[in-house]
Each structure stands twice: as structure tokens, then as C-alpha cells.
Amino acid sequence: MAYFLQQTINGLTLGAIYGLIAIGYTMVYGIIGMINFAHGDIYMIGAFISVIVFLVLGAAGVTYVPAAILVMLLASMCLTALYGWAVERIAYRPLRRSPRLAPLISAIGMSILLQNSVQLLQGARDKAIPPLIQGGIVLMEQDGFTVTLSWLQILIIGMTVALMAGFSWVIAATPLGRAQRACEQDRVMASLLGIDVDRTISWTFMIGAALAAVAGLMVTLYWGVADFFMGFLAGVKAFTAAVLGGVGSLPGAMLGGMLIGLIEALYSGYFSVEYKDVSVFAVLILVLIFRPTGLLGRPEVEKV
Amino acid sequence: MIARLKDAGLAGLAAFGLSLPMLGLETIDAGNGKLGLATHFDRVAITVAMVFLGRLFLSRVRLPKLPAKFQVTRLPAVHIPWAPFFIVLALILPVLPFASRYVVDLATTVLIYVMLGSGLNVVVGLAGLLDLGYVAFYAVGAYSFALLAKYLHFTFWEALPLAGLFAGSFGLLLGFPVLRLRGDYLAIVTLGFGEIIRIILINLPPVTGGPNGIDVPRPSFFGLAMERSVPKGMTSFAHFFNIGFDPMQRVWFLYYIVLALLLAAILLIQRLRRLPVGRAWEALREDEIASRALGIDPTKTKLSAFAIGAMLAGFAGCFFATRQGFISPESFTFMESATILAIVVLGGMGSQLGVVLASLVLVGLPEVGRQFAEFRMILFGMAMIAIMVWRPKGLLSHRQPTIKLSTIKLPKPGAGV
């Protein structure tokens, strides 16, 4: 029981991170109908910028941890959002009206470009930073096994919940959110009604990238390392989360992220660590076969 | 002018924000396991200046549109017999004066990719199914030969048909549950399959050798060994024909094997395209609902394309294994799938000639530019984006049906078939 509880806590933490990345996939898919293959690498960029800002702060002599984390968070979100904007501007906007496969290929190209640029500029080695937040609450002890909820896990889950709430409010109640929902339903009609579609899409990419940057920062704090290849697997898993929850649905992305995190943690806790990625892919395949719309997605009507 | 300055200024500002952390501050090892920073603000300044000036002066310069007769789409219609030209070139390549061992080796690599591209072209280009895990079938082909050779002592020629058969059945098996998914979902599921295969190969060391890989025997020429150290009970090729041993013999031999395999594969594909099943692929790609209304069974048709694509990858994998003499899961990563897909899409989906050209561009050129080894993958990614932005339909985009009804008079039908 204690072991199960610990794995559940770990899984939910992991799931919160996947959920944050999944939001970027699900929003972009909802609004322009493409898989933003470079989104995982945007998350990797977010993690790297966090590491770099951490080192800059260290060099500047900032030692107060909450201030350092806040600065890392803001800097990483802003700069990564800029990356999200640039990726869309360079690789996707010129392809708005082209065959369906073209943006996907240019997205794969962008992913390769980002990964290898970071590898070239920052080196291929793992970038490790010392743990900033240590300790936690001991929840229970049983048969010599201690269940702990670390402060960092509380921070990650709390931050995710807060961002989700704020973001849902943006979608539901602000002009930008209304524009996004309008573009999702019908881009031509939205532009006829005076909505700047390109600008809305740019904002979507920037928000998605900022959320991915938060995930990148959290992972860097949680595991203590970042490397140039970390975006690929995390990206695929986050996409799985988005599909599991129902592409286009924000609560779905969060729910899917949590479920994927739980599946991964429990599978590696009870069965085998080597095959934990296989378990995630297997879930993806099963969901797509038996419930292609995901858990919270709307069924799609095929039109001639 | 003010507006342009402002625009260029914004572009420069964006470049500053993008390059400051990643380009200007390099994370380096500062000793005792800690990270330090090295600053390269000069690089940031150069980047920003280049973006600013580029945006300022180049934004108004539009590349002139090529006159119609120079457009690349017209390439097959210029009545240069490209297909025979390439075939003859490929046949005589090893005897050409510049053909060193390196050139023939490189040509062999390019031909493997042409073969993979042709197979994936059936799936993506003709049937319109986006497969991001094509490398799985390549791996199945390679590992079936490796395992057959290790446990049952099969030779290359005995294992070749079986490798294709295994990969093809594997395609059927995987394709059956997932082929009713829509395009993008299918892409992700196939990507998942590709990764699953790789993870399984890594984690089954007793059978597959795990990450350490597995040794594979070399092919023989009608029972004559092509190696320097001849296995017991075999005669060597050099000995039989009473000529001296020369490592070039094997390089040539491998080159002609893959060329023969490739020509057979292309012949098969070109024939299939004219059969009802091939026409059904193209019909399905163009409009699934209409094809269904006309009585085409989408599942069967898609499955056949998937299985044939997989089978060709299996043959290619079997050859790849015997050529390398050693395989490990490292050779079958997602990057490989992405490269093959890029070959198909950049070449122009459905175009056989496009696959050849794109393989030359994507596989051949990076090898030639070896001194830029560090920048190779960066250039590769940039090329994928640039070609898509410039020609979203690929280099040679012709989506004419392979066969048209003969009663309708059309100007120059069926060019390039």
C-alpha cells in the first residue's frame, strides 16, 4: 500500500509535467489541425534556458532560492515563448494553405534543427544542476517503507493546477480566448469577422511554448539534468496524453497527462522499468483503436 | 522606409532574444562536476546584425518566378529519358574512372535509401498513409536475417525471401488494427510501433544481443566466399576464378546486389501501379469516401500497400545487415524513419524519380560535405524546412493518375510512366 501510494505520487508529478506539454499539442492541433512535432524540442529549449538562467544567477550571486526560481520561471517562459513564435513564423506560417503533410515534414525538420543546434551550441553532455529544493512531508510509514511527498512535488503539482486554472480562464473569458475558439471552429469565418487569425495562431504557439517551458523548468529541478535529446520522448508521451484525453480538449490534455504519468510510474514500479515506454505507446495504440476521440474529445464527423 | 526599419528592428530584437541564451551563453564543464558559463556575445552581435540587415534589404527582394519551361515539375516531360539514364549510370558506375572504393560504397548507401524510399513511397505516396515508423520493418528484415543466420545457419540468399516475408507479415499484423485511423493519428501510432520494436530489441539481450548488437555473415557468390578469411568448407571467389584477392571485389558485389534488388523492387512497384490494386491505392489517397462508394474495400487496399511497403523494407534490411556485417538497435532510430519519409516527401510523393533525386540530395550530399560533419544534421533539418516552404508538394510533384481512361483525349497523358 505504501509503495503504491509513493508510485501514485511520483506518477502524478510526472503526469503534471506531461499535461503541461500536452496542452501545447492539443491547442495547436485544435486551431490549425497539425501535430507540432517540434513541441517536444521547445520543451527541451525551456529546460536549457532554465539551466542557463540558473548559472547566470549563480554568477550574479543570487542565493535566495524562491527568488531564483521565480526569475528562472519568468525568463524561461518569455524566451521559450519567443522560440515558439519563431518556429511558427518560420516553418508553419508559409505552409498554411499547402497539402496536409507539408507542415508535418517541416515540423520534423524543425525538430531536427533545434535538437542539433542545441547539441552543437551547448554540447552533447547532460547538464546537471544541484538540487534547489530538498525535503518534504512524510505521509506514512509502513513495514519500513516511508512515503514522502517532497516540497518539489507539491510545487510542481500546485504550479500545474494554478496554470491550468489561469489558462482555462484565458480561454473562457478573454478576447484572446474567444478568438482562439473562433479560429478553432472556422478560420475563414473568424477572419471575415475581423479576427486576426495569424496573430491568434502566433499567440497559441507562444502560450503553448511558455507552458512547455514551465514543464522544462520543473523537470530540470526534479531530475536535476537537461540534455538535448530529452524533448523527443517527452514530446511523444505528451502527445499520447493529448490523444488519450481527446485532442482539442484542455481538461482532456491534463487528464491524459495525469493518466500517462500514473501508467508509466505504476508500470515501472510493478512490472519492468525497461518497458515503461512500451507501456505508454501500448496505451496510445489501444486508445486510438477503441476510442479514437479520446476520453473527453468530441466525435469528429467526416464530411465529403 | 520607417516601416521597413521598424520591421527589421523587430526581427533583430527577436533574433537577440532567441540567440542570447542559446548562442551567447554556453554551458561548459567548470571542473569538479559543476557547470560554468562561457560567453560568446560576439556571436550574438553577428547574428543580430545579419538578421537585421537581411530583413532590411532582402525582404523586398522576391525570387523571380521561373518561366514555365524551366519549372522543375516539368522535368519528366522534357523528354529526356531520365529512367534509362539513371539505370545505365547505375550499371556502369563502378567502372567509371572516378569510382573509388569510397564512391561505390557511398552509392551502395544511396541505393539502400532509394530502395527504402521506394517502399515507403508505396505507403505514403501512392496510398496516402503517413507512416512514421517505417524503420520498424527495416529492423525486422535485418534482424530476421541476423537471427536466422545465428540460430539456423541460413545464408544471405536463403534468408532474403524470408526476411521480406517476415517484414511483410509484420506489416499486415501491425496494419490490421490501426489502418482505419485518420492520417495524423496513424502517424503517431506507427511512430509508437517503431519505438516499441527498438526498445524490445534493446531489452532482449539473450536473443538479439541487446544494445551490443549481433554479427551477421557476409553474402556469397553462388557459394563462393567473398572474404579474405574464407569460412571452412567454402571456396573463395578469388581462388575459384584464379584471380588475386581484392577487397574491391566485395564492394562491387554488394553494390550490384542492391542494384538488382532495387531494380526488381521498382519493376514490381511500376507493375503494381497499373493493376487494379495500385489504382485503388491512388483512388483512396485522393478521396477515401468516393472510393468506398465505388466499392473499393479501404481496409484491404490499405493493408496491401502497407504490407508491400513493409516487405520492401524487409529486403532492404536484410541487405543492410549483410553489408554492415553487424547490426544493433542504434541503426533503427526514429531519425532513420524521418530521413526515409523526408526522401519521399521532398522527392514529391508518388514519384519514383523524385525518390532517386531526393536520396542523392539527402544521403549523398551530406556524405560529400564531410568537413561540415557537425553541421550535417542542422543543414539536413534546414533543408527539410526550406524545401517544404519553397515547394510544399515536393521537388517533382505530379499527381497524375498512373492510368487514364483512353477514350478521353488529354494533352500528353501519362508522362513519366
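J.: Just to check I follow, could you spell out the overall build of chain B for this structure?
T.: Check the secondary structure of chain B and you find 16 helices and six strands. Looking at chain B residue by residue over its 417 residues, the buried ones come to 41%. Taking contacts inside chain B between residues at least 6 apart in sequence as the whole, the part at least 24 apart equals 74%.

J.: Can you walk me through unusual backbone geometry in this structure?
T.: What is expected of a backbone is that most residues other than glycine have negative phi and most peptide bonds are trans. Despite not being glycine, His153(B) shows a phi value in the positive range, around 55 degrees. Among the structural elements, His153(B) can be located in the loop between α5 (135–152) and α6 (156–178).

J.: Any chance you could explain the interface of chain B and chain A here in plain terms?
T.: The parts lose accessible area when they come together, and the size of an interface is often stated as this lost area. At the interface, 44 residues of chain B touch 53 residues of chain A. Among the elements that line the side of chain B that touches chain A, the one with the most residues is helix α7 (residues 183–203) of chain B, at twelve residues. Looking at the side of chain B that touches chain A residue by residue, the classes come out as 33 nonpolar, six polar and five charged.

J.: Which parts of the structure should I look at to understand the domain arrangement of chain B?
T.: Annotation of chain B at the domain level lists domain 1 (2–58) and domain 2 (103–335). For domain 1 of chain B versus domain 2 of chain B, the distance between C-alpha centres works out to 44 Å.

J.: Would you mind showing me how to read helix α8 (residues 197–223) of chain A here?
T.: Residue pairs spaced three or four apart in an α-helix point in one direction, given the helix's 3.6 residues per turn. Residues and elements named next belong to chain A. The terminal C-alpha atoms of α8, which comprises 27 residues, lie 39 Å apart, in line with the 39 Å expected from a rise of 1.5 Å per residue. Within α8, 21 of the 27 residues are buried, which leaves it mostly tucked inside the rest of the structure. Glycine 224 sits one or two positions beyond α8 and adopts a positive phi of about 85 degrees.

J.: How do you make sense of helix α6 (residues 175–185) of chain A when you look at a structure like this?
T.: Residues and elements named next belong to chain A. When α6 is considered as a whole, its buried residues turn out to be Ala179, Gln180 and Cys183. Projected down its long axis, α6 carries its buried residues within an arc of 100 degrees, all on one side. Buried residues belonging to α6 abut α1 (2–32), α5 (151–173), α7 (187–192) and α8.

Quick notes on the rules
Per chain, the residues get numbers from 1 upward, laid out in the order the sequence is written. As a convention, the first chain written is A and the first ligand written is 1, with the rest following in written order. Only residues with pLDDT of at least 70 get local features here, since the model is predicted, and only at 80 or more are side-chain atom pairs given and counted; chain-wide, interface and lining totals rely on the full set of residues. Strands here are runs of E lasting at least two residues and helices are runs of H or I lasting at least four, both read from the DSSP assignment and numbered beginning at the N terminus. Buried, partly exposed and exposed are defined by the number of other C-beta atoms within 10 Å of a residue's own C-beta, namely 20 or more, between the two limits, and 12 or fewer respectively, with C-beta atoms placed from the backbone. Throughout, a residue-residue contact means that the two C-beta atoms, derived from backbone geometry, are no farther apart than 7 Å. Ten residue types, Ala, Val, Leu, Ile, Met, Phe, Trp, Tyr, Cys and Pro, are classed as nonpolar, four, Asp, Glu, Lys and Arg, as charged, and the remainder, Gly among them, as polar. Throughout the structure description, domain borders are defined by an automatic or database domain assignment. Expected helix span is computed as 1.5 Å times (number of residues minus one). The arc in question is the one traced by the directions running from the helix axis out to the C-beta atoms.

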